[in-house]
Amino acid sequence: MAAQNASEYIAHHLTNLTVKVGEGGFWTVNMDTIAMSWVLGLVGLGVIWMVARGATAEVPGRLQSFIEMFFEFVDGTVRDVFPGSRAFLGPLALTIFTWVFMMNLMDLIPIDWVATISHGLGAPAWKAVPSTDLNTTFAMSFSVFFLIIFFSFKAKGAGGFLHELFTAPFGSNPLLWLPNLGLNIIELLAKPISLGMRLFGNMYAGELIFMLLGLLGTIASLSVGGLIAGGASIAFTWAWAVFHILIILLQAFIFMVLSVVYIAMAHEHH
Amino acid sequence: MNINATLLVQALSFAFLIWFSVKFIWPPLNRAIDERNKRIADGLAAAEKGKAALVEAERKGESAMKEAREKASGVLGESEKRGHQIVEEAKEAAKAEADRIIAGAREQIASELAKAKTELREQVAALAVAGAEKILQREVDAKAHAEMLAKLKAQL
């Protein structure tokens, strides 16, 4: 790796590979985020799909058993939260968990490997973890938000939902309509924002710590201090990676459960 | 880390993945697992039924055995009784036959005796007549003395 100073090192690892698709700052796409998330989504769901396609009620093989275990876990989690049909919420939860987990998993690939490979392939920058990109987490959380709105309408009807927006939680006095509405809007918006920010924040912070530990590695040398720095970098990176396995699973699980809970809540009448 | 058009692409990607799961992943897995659950439940129910049937069959077998044993002992008793009866009947028949034979023999003996007595009597009469003839040295006219002879015969 070329000699860099610390801020260049950090900045480099935080840069997306962007392509402009139109005028203005908004019309840019992060190619690395999109490519990684597609590959990861297709691989993760693809494996499950291949098993599902050949799944029979006969004695299952090891892979099928594992997939079924995962399926039962997701199904059970959704069932605990939502009593109705799981024909949509089930696969939604399955998709969220699989995709978020696969994307988070990329956090365990040493960041300098990613940089080396992408440089070798001629890309000026490459972020390997799509869930450290707010675009991904907000895309998912706002999709969940629209599902909340959709299921609110579906479960309560337009009149019921609007009535609830104006009359809950304080009461149906006309003077309270505006405060009710304001609070409900805040409550509704807080869900996708917190959902998206939580995943992004956790993964971004985790990635940042890997970077700082990697930065410690860049000052490793054959002097005493340099050896200590190199050893600490390796040891702490390893320790953080082990701890990060937990975070990866936990964040995927939290995103899944909260999405299901929010949508289940949309079915409830106040 | 700016919000940009990637958001829209990712939202579409997410929608696609959800659609894919809803359509191609969830139903077959769900079906397979449900079917296996059903099979297992059926299997357990069948096993339970089989167990109950076994108990029932054992019970039936036992009662059949008991009945057969009772019947057999009944038959045995009956046949013993019948055997006794046959033996008794045979004994009685044999005794009757023996009595009959004995009675026949007695009768025969009696008749033989009577016959012998008669013959003897006649012979004694003849002998007596012959003796008397010898004593008298003359012929006794049987016809003339028939009455006397008859009296003599009766006395013998």
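Treat the numbers as computed from the prediction; the structure is a model and nothing was measured. (Residues numbered from 1 in each chain as written. Chains lettered and ligands numbered in written order. Predicted model: local features only at pLDDT ≥ 70, side-chain atom pairs only at ≥ 80, totals over all residues.)

Caption draft 1: Spotlight on the confidence of the model for chain A. Averaged over every residue, the pLDDT of chain A is 87; the share at 70 or more is 98%. Confidence, read as mean pLDDT per element, is least for helix H1 (residues 6-13) of chain A in chain A (79) and greatest for helix H4 (residues 89-105) of chain A (94). (pLDDT = per-residue confidence, 0-100. Helix = DSSP H or I, 4+ residues; strand = E, 2+ residues; numbered from the N terminus.)

Caption draft 2: Just the interface of chain A and chain B, in detail. Taken residue by residue, the interface counts 38 residues in chain A and 28 residues in chain B. Of all the secondary-structure elements, those providing two or more residues to the side of chain A that touches chain B are strand E2 (28-30), helix H2 (31-53), helix H3 (62-81), H4 and helix H6 (134-167) of chain A. In terms of residues, the side of chain A that touches chain B owes the most to one element, H2 of chain A, which gives ten residues. Taken together, the residues of the side of chain A that touches chain B break down into 23 nonpolar, twelve polar and three charged. (Contact = placed C-beta atoms within 7 Å. Nonpolar A, V, L, I, M, F, W, Y, C, P; charged D, E, K, R; others polar.)

Caption draft 3: Helix H8 (residues 224-266) of chain A, seen in detail. Residues and elements named next belong to chain A. The end-to-end C-alpha distance of H8, which contains 43 residues, comes to 61 Å, matching closely the 63 Å that a straight helix rising 1.5 Å per residue would cover. In H8, a bend of some 25 degrees at Phe243 exceeds every other bend along the element. Within H8 the residues assigned to the buried category are Thr237, His244, Ile248, Gln251, Ala252, Phe255, Met256, Ser259, Val260, Tyr262, Ile263 and Ala266. Looking at the packing, one finds that the buried side of H8 touches H3, H4, H6 and helix H7 (177-218). (Expected span 1.5 Å × (residues − 1). Bend = angle between axes of the 7 residues up to and from the residue. Buried ≥ 20, exposed ≤ 12 C-beta atoms within 10 Å, placed from the backbone.)

Caption draft 4: Local environment of the nonpolar core. Among the nonpolar cores identified, the biggest contains 58 residues, and Ala93, Ile96, Phe97 and Val100 of chain A are the most heavily contacted of them. Of all elements in the fold, only H2, H3, H4, H6, H7 and H8 of chain A together with helix H1 (6-136) of chain B reach the threshold of two or more residues within this core. Broken down by element, the residue count for this core peaks at ten residues, all from H4 of chain A. Val100 of chain A has contacts with Ser131, Leu199, Gln251, Ala252 and Phe255 of chain A, leaving out every residue within four places of it along the chain. (Core = buried A, V, L, I, M, F, W, Y, C linked by C-beta atoms within 7 Å.)

Caption draft 5: Structural detail: the environment of Ile248 of chain A. All names here are of chain A. Its place among the elements puts Ile248 in helix H8. Sequence separation between Ile248 and Val100 is 148 residues, and the spatial gap between their C-alpha atoms is 8.4 Å. Not counting residues within four places of it along the chain, the set of residues in contact with Ile248 comprises Phe101, Asn104, Leu105 and Asp107.

Caption draft 6: Representation of the packing of H3 of chain A against H8 of chain A within the structure. Residue and element names in this part refer to chain A. Their axes nearest at 9 Å, the elements H3 and H8 cross at an angle of 35 degrees. Between H3 and H8 lies a crossing whose hand is right-handed. Contacts from Thr77, Val78 and Val81 in H3 reach Val257, Val260, Val261 and Ala264 in H8. Residues of the contact of H3 with H8, tallied by class, amount to six nonpolar, one polar and no charged. (Axes fitted to C-alpha atoms, helices over the stretch in contact; angles between N-to-C directions. Left-handed = near helix turned anticlockwise from the far one by under 90°.)

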